[in-house]
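# Descriptive structure summary
Below are the chains, spelled out letter by letter.
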Amino acid sequence: MRLNYAQVKQLVSHRHPILLVDRVTEAAIGEWIRAEKNITANEFCYGEIEDEAHDPRAYAYPVTLMLESFCQAAYLLGRLSNSQTLSGRHIPLFGSIHQSTIYREAFPGDKLEHHARIVKNMGEAIVVGGEILINGQIAAEIGMALLMIKPSDAETIAGVKED
């Protein structure tokens, strides 16, 4: 299965500048997903860097955004793997990330490749693991990330049913 950017937008409630998955290159529903995020110098995280900044490390992509992008790929896998979450609007809720190691930084011009796999599927909640590659080399390993997929209507979120 492949998804282009327009199809990703239909499944993920995030929008620019925090929608951090450009496309899904392959997926085995219920098992794993491969998704990509291309980093450009136009990312919102670079907006405060002075034009005369000469330190290349000033352009290191924030690790938190690398992990957020991975989790959005995992969210896509979760939505595609659960028929109850395919219709309607849903929001991702990430509980925690454990046993993770970051090996290298990413910079503008790099492509993040997310390889996420389901470790355990509990319906609304899934545990995923995987790797983030930068231009084909492992940049991070995620041992476990907990994700819940909840309907986004106010009634469900508040836990109150209106009459």
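Residues numbered from 1 in each chain as written. Predicted model: local features only at pLDDT ≥ 70, side-chain atom pairs only at ≥ 80, totals over all residues. Heavy atoms only, no water.

Most peptide bonds take the trans configuration, and most residues that are not glycine carry a negative phi. With omega at 10°, the peptide bond leading from His-16 into Pro-17 counts as cis. With respect to the helices and strands, Pro-17 occurs in the loop between helix H1 (5-11) and strand S1 (23-28). In the Ramachandran plot, Gln-99 falls in the positive-phi region, its phi being about 55° despite a non-glycine side chain. By the secondary structure assignment, Gln-99 is in strand S3 (residues 90-102). Judged by its relative accessible area of 62%, Gln-99 falls in the exposed class. (Helix = DSSP H or I, 4+ residues; strand = E, 2+ residues; numbered from the N terminus. Buried < 20%, exposed > 50% of the residue type's maximum accessible area, 1.4 Å probe, protein only.)

A separate point is the side chain of Asp-110. If you trace the backbone, Asp-110 turns up in the loop between S3 and strand S4 (111-121). Looking at Asp-110, its side chain comes within polar contact range of the main-chain nitrogen of Phe-107, at 2.8 Å. (Polar contact = N/O pair within 3.5 Å; in protein donor to acceptor, adjacent residues only side chain to side chain.)

Looking now at the sheet that holds strand S5 (residues 125-134). The strand order across the open sheet formed by six strands is S1-S2-S4-S5-S6-S3, and the pairing between neighbours is antiparallel. Of all strands in the sheet, those bounded by a partner on one side alone are S1 and S3. Taken pair by pair, the neighbouring strands of this sheet meet at an average axis angle of 25°, ignoring direction. By the bridge criterion, eleven bridges tie S3 to strand S6 (residues 137-151) in an arrangement that is antiparallel. Within S6, the residue paired with Pro-92 across the bridge is Ile-149. Together, S1, strand S2 (32-38), S3, S4, S5 and S6 form the strand contacts of helix H2 (residues 63-81), whose direction differs from that of S4 by roughly 50°. (Pairing = 2+ DSSP bridges. Axes fitted to C-alpha atoms, helices over the stretch in contact; angles between N-to-C directions. Contact = heavy atoms within 4.5 Å.)

A few words on the packing of aromatic side chains. Enumeration over the complete set of coordinates arrives at one aromatic pair. Centroid distance Tyr-46 to Tyr-59: 5.6 Å. Interplanar angle 45°. Geometry classified as tilted. Taken together, the residues Tyr-46 in the loop between S2 and H2 and Tyr-59 in the loop between S2 and H2 connect sequence positions 13 residues apart. (Phe/Tyr/Trp six-rings, centres within 6.5 Å; stacked < 30°, edge-to-face > 60°.)

Strand direction decides the pairing type here: S5 and S6, joined by nine bridges, are antiparallel. Each residue of the ladder has a partner; that of Ile-126, found in S6, is Leu-147. Connecting S5 to the next strand, S6, in antiparallel fashion are two residues, including Asn-135 with a positive phi near 50°.

Let us now look at the pattern of salt bridges. Summed over all chains, the structure comprises six salt bridges. One salt bridge in this structure joins Arg-23 and Glu-36, with 2.7 Å as the shortest N-O distance. With Arg-23 in strand S1 and Glu-36 in strand S2, this residue pair connects regions lying 13 residues apart in the sequence. Judged by relative accessible area, Arg-23 falls into the partly exposed class, the value being 34%. According to the relative accessible area criterion, Glu-36 is buried, its value standing at 8%. One salt bridge in this structure joins Glu-105 and Arg-57, with 2.4 Å as the shortest N-O distance. Taken together, the residues span a long stretch of sequence, with Glu-105 in the loop between S3 and S4 and Arg-57 in the loop between S2 and H2 at a distance of 48 residues. Taking the relative accessible area as the measure of exposure, Glu-105 reaches 27% and is therefore partly exposed. Residue class for Arg-57 comes out exposed when judged on its relative accessible area of 52%. Overlapping salt bridges bring together Arg-23, Glu-36 and Lys-111 as one network. (Salt bridge = Lys/Arg side-chain N within 4 Å of Asp/Glu carboxyl O.)

This next bit is on the environment of Leu-76. Along the chain, the position of Leu-76 falls in helix H2. Note: C-alpha distance between Leu-76 and Ala-27 (49 residues apart in sequence) is 9.8 Å. The contact partners of Leu-76, leaving out residues within four places of it in the chain, are Val-8, Leu-11, Val-12, Val-21, Val-24 and Ile-33.

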